Amino acid sequence: MDVIISIAAKIAEIMVAPIGRQFRYILYYKDYLKKMKTDVQKLEGIKNSVQHTVDEARRNGEEIENVVQNWMSKVDNTFAEANKLIDNEDLAIGQRSMRNFPNLRTRHQLSKKIKKMIQKISEVIVEGKFDRISYRASLQVTITPFGRGYEALHSRTSMLNEIMLALKDPNIFIIGVYGMGGVGKTTLVKELAWQAENDESFSAVVMATITGSPDVIEIQGQIADALDLKFNKETKEGRARELRERITKEKSILVVLDDIWRRLESTELGVPFGNDHKGCKVVVTSRDMNLLSCEFGTQREFRLEVLNEEDSWQLFKKMAGDVVQDFNIKPIVVKVARRCAGFPLLIVTVAKAFRKKKIFDWKSTLNELERFDQEGLHKKIYSALELSYNCLESDELKFSLMASLSIENQAVIDKLQVVCEFPEVFPDEILDVPPEREVEFSIDLIPGTKPISMAPYHMSASELAELKKQLEDLLDKKFVRPSVSPWGAPVLLVKKKDGSMRLCIDC
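Residues numbered from 1 in each chain as written. Predicted model: local features only at pLDDT ≥ 70, side-chain atom pairs only at ≥ 80, totals over all residues. Heavy atoms only, no water.

Quick look at the overall build of the protein chain now. Broken down by element type, the protein chain carries 20 helices and nine strands. A total of 507 residues make up the protein chain; the buried ones form 35% of that total. A total accessible area of about 32,300 Å² is found for the protein chain, and carbon and sulfur atoms account for 53% of it. (Helix = DSSP H or I, 4+ residues; strand = E, 2+ residues; numbered from the N terminus. Buried < 20%, exposed > 50% of the residue type's maximum accessible area, 1.4 Å probe, protein only. Areas by Shrake-Rupley, 256 points an atom, 1.4 Å probe, with all protein chains shown as cover.)

Put into structure tokens, the structure is as follows:
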């Protein structure tokens, strides 16, 4: 008897439970409809929030993750299906039929669809929780190597391949490239950065030019611009922390620091590498190998030499153009190319300056270069630049050439045509203040203006001694004079490339 009762109860459970669920669709129809509308509004709010983040990322030039785009499309489809259920004419039919009685069959079907939609909306909401909305895409580089100022010469290509191979070594994090001025270090590392970015060896590639008097804020700004980073901090330390956090988010990143003249701490900049971030590789260029190995701790150094004769001629032909095909001029052009001593800077400058000149000009160029041949390599370099300077047609181009060079040899400067023509403008030493002019410059103050109080910069004993020495020298030359004016400005000393100190007035 107990067995029969048990079987009967089981049969009742199997039959009654499904029937109960079907009746629930009819009984809770309005509740289901109300919940679906509430969930639709909730999903719409989440979508709008994600959309705001997407719009901001696109304004910053970032790409949207595929999973986010797919989710946004799925949300739109879900909205369409939900609104169709809400607005469907069958809904009214489901609410009432003849004599205002509900159509139970239609109500049951709609309620079942609404219940499934509630479940679907719930799943879409859960899927909308993203760790990351966007990412910075690699730049699409379309210019040719020649357009970047790089010529694929055998010696340079060979070194590029060696450096790229070293960068792939998991135990090497910082590499140095050194060589004398004019051999093409900057051009080489620019091509290195381009290739690393183009073949996607790194997820991000940045390059910063340091110069002789490095400004940490400026260098941090160059790196941040390349990473689309907007600083929220003003101090060097605060910006360094932000930069460090941004760089560590990159799985692999190459940082190129070009033209280093003195020690510069990577932690001061905010560039983590080695144990701090194994995915960050650093390439540093300098004229001084000891600076790279001793001060920066480079693990490998690559010395960039002048071009060999074959590469020099290939580069010269490329820069000079069709003139090298002239049967009468070519022998002279070949000799001029040799006199450039394999320096890419000289080859490019001289070849471009004379590419449209006649045979007489080329002979004159060769004679000038030969005249300097016995005066040493550096004088030869500057003589070639002088010839190129004299061939430039506009003052703007001449100024640009001079501004881009570091002229260190006074003997060569004295031979420049413009210096010879106007010796009074280029005296060896300035011994007095400029003469009185027709119009004197003065600063007119608004009546009642009071001097601004500014505290002097802190100086060490050695700096104070140097300041006293420089002020006495300026007084002796009558460049300055004692003053009792309540107006003044703080001064500071900045170290120059040669180790001496430059007096700067913070006006």
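Following the structure, the description resumes.
Taken in spatial order, the five strands of this open sheet run β4-β5-β6-β3-β7, and their pairing is parallel. In this open sheet, the two strands that pair with only one neighbour each are β4 (204-209) and β7 (300-303). Direction aside, the axes of adjacent strands within the sheet are offset by 15° on average. In the sheet, strand β3 (residues 174-178) pairs with β7 via four bridges, with the strands oriented parallel. Paired with Ile175 across the bridge in β7 is Arg300. Contacts between helix α7 (residues 185-198) and the sheet are confined to β3, β4, β5 (253-260) and β6 (280-286), with β4 contributing the most and set at about 165° to the helix. Helix-sheet contacts for helix α8 (residues 216-226) involve β4 and β5, and the interaxial angle to β4 is about 155°. (Pairing = 2+ DSSP bridges. Axes fitted to C-alpha atoms, helices over the stretch in contact; angles between N-to-C directions. Contact = heavy atoms within 4.5 Å.)

A general feature of soluble globular proteins is that nonpolar side chains tend to end up buried together. Ranked by size, the top nonpolar core spans 45 residues in total, and within it Ile163, Leu167, Leu254, Val283, Phe316 and Trp362 carry the most contacts. Going through the elements one at a time, α6 (154-167), β3, α7, β5, α12 (309-320), α13 (330-339) and α14 (344-354) are the ones with two or more residues in this core. Each of domain 2 (154-303) and domain 3 (315-391) contributes no fewer than three residues to this core. In this structure Val283 touches Leu167, Ile175, Val177, Val189, Leu192, Leu254, Val255, Val256 and Leu257, once residues within four positions along its chain are discounted. Among the nonpolar cores identified, the runner-up in size contains 29 residues, and Tyr178, Leu264, Val284 and Leu291 belong to it. (Core = buried A, V, L, I, M, F, W, Y, C linked by side-chain atoms within 4.5 Å. Domains from an automatic or database assignment.)

The next point concerns α7. With 14 residues, α7 ought to run about 20 Å at 1.5 Å a step, and its terminal C-alpha atoms sit 20 Å apart, in line with that. For α7, the complete set of buried residues consists of Lys185, Leu188, Val189, Glu191, Leu192, Ala193, Trp194, Ala196 and Glu197. In this fold, the buried residues of α7 make contact with α6, β3, β4, β5 and β6. (Expected span 1.5 Å × (residues − 1).)

On to the environment of Gly274. With respect to the secondary-structure elements, Gly274 resides in the loop between α10 (266-269) and β6. For the pair Gly274 and Phe173, spaced 101 residues apart in sequence, the C-alpha to C-alpha distance is 5.7 Å. Ignoring any residue separated from it by four or fewer positions in sequence, one finds Gly274 in contact with Phe173 and Cys280.

With that settled, consider the pattern of salt bridges. Under the counting rule described, the total for this entry stands at eight salt bridges. A salt bridge links Arg303 to Glu305, with the shortest nitrogen-to-oxygen separation between them at 3.1 Å. Owing to a relative accessible area of 42%, Glu305 belongs among the partly exposed residues under this scheme. For Arg338, the salt bridge goes to Glu309, with nearest N and O atoms at 3.2 Å. In this pair, Arg338 sits in helix α13 while Glu309 sits in helix α12, placing the two residues 29 residues apart along the sequence. For Glu309, a relative accessible area of 53% puts it in the exposed group. (Salt bridge = Lys/Arg side-chain N within 4 Å of Asp/Glu carboxyl O.)

What follows concerns the confidence of the model for the protein chain. Averaged over every residue, the pLDDT of the protein chain is 75; the share at 70 or more is 72%. Every residue in residues 139-144 is under pLDDT 50, and counting partners more than four places away or in other chains gives six contacts. Of the regions scoring below 50 in pLDDT, residues 403-412 engages in 14 contacts with residues more than four places distant in sequence or in other chains. (pLDDT = per-residue confidence, 0-100.)

Scanning the entire structure with this criterion turns up two aromatic pairs. Taking the centre distance of 5.6 Å and the plane angle of 85° together, the rings of Trp71 and Phe130 count as edge-to-face. Of this pair, Trp71 sits in helix α3 (residues 66-87) while Phe130 sits in the loop between α5 (104-127) and β2 (134-135), placing them 59 residues apart in sequence. A ring pair is formed by Trp313 and Phe316, whose centres lie 6.4 Å apart and whose planes are at 10°; its orientation type is stacked. Placement of the pair is Trp313 and Phe316 together in helix α12, with a separation of three residues, close to one helical turn. Like Trp313, the residue Phe316 is buried in the burial classification. (Phe/Tyr/Trp six-rings, centres within 6.5 Å; stacked < 30°, edge-to-face > 60°.)

Time to look at a nonpolar patch on the surface. Taken together, the side chains of Ile443, Leu445, Ile452 and Trp487 define a hydrophobic patch exposed on the protein surface, amounting to about 460 Å² of accessible area. Looking at where Ile452 falls in the secondary structure, it is placed in the loop between α19 (417-421) and α20 (461-476). Judged by relative accessible area, Ile452 falls into the exposed class, the value being 64%. (Patch = residues over 30% accessible without salt bridge, like charges linked within 9 Å, V, L, I, M, F, W, Y side chains within 5 Å.)

Okay, α14 next. Judged by how many residues are buried, α14 sits mostly within the fold: eight of eleven residues are covered. For α14, every residue scored as buried is listed here: Pro344, Leu346, Ile347, Thr349, Val350, Ala351, Ala353 and Phe354.

Summarising the element assignment, Gln470 is placed in helix α20. Leave out the neighbours within four places in its chain, and Gln470 touches Leu493, Met501 and Leu503.

Across the chain, the bulk of peptide bonds are trans and the bulk of non-glycine residues have phi less than zero. In this model, Asp228 sits at a positive phi of 55°, which is unusual for a non-glycine residue. Its location among the elements puts Asp228 in the loop between α8 and α9 (236-248). In the Ramachandran plot, Asp259 falls in the positive-phi region, its phi being about 70° despite a non-glycine side chain. On the basis of relative accessible area, Asp259 is assigned to the partly exposed category, the value being 25%.

A few words on the packing of α12 against α13. At a minimum axis distance of 10 Å, the contact between α12 and α13 shows a crossing angle of 120°. Regarding the angle of α12 to α13, the classification is oblique. Seen along the crossing, α12 lies across α13 with a hand that is right-handed. Packed against α12, whose contacting residues are Glu309, Trp313 and Phe316, the element α13 presents Lys330, Val333, Val334, Val336, Ala337 and Arg338 at the interface. Class assignment of the residues belonging to the contact of α12 with α13 gives a composition of six nonpolar, no polar and three charged. (Parallel < 35°, antiparallel > 145°, perpendicular 65-115°, else oblique. Left-handed = near helix turned anticlockwise from the far one by under 90°. Nonpolar A, V, L, I, M, F, W, Y, C, P; charged D, E, K, R; others polar.)

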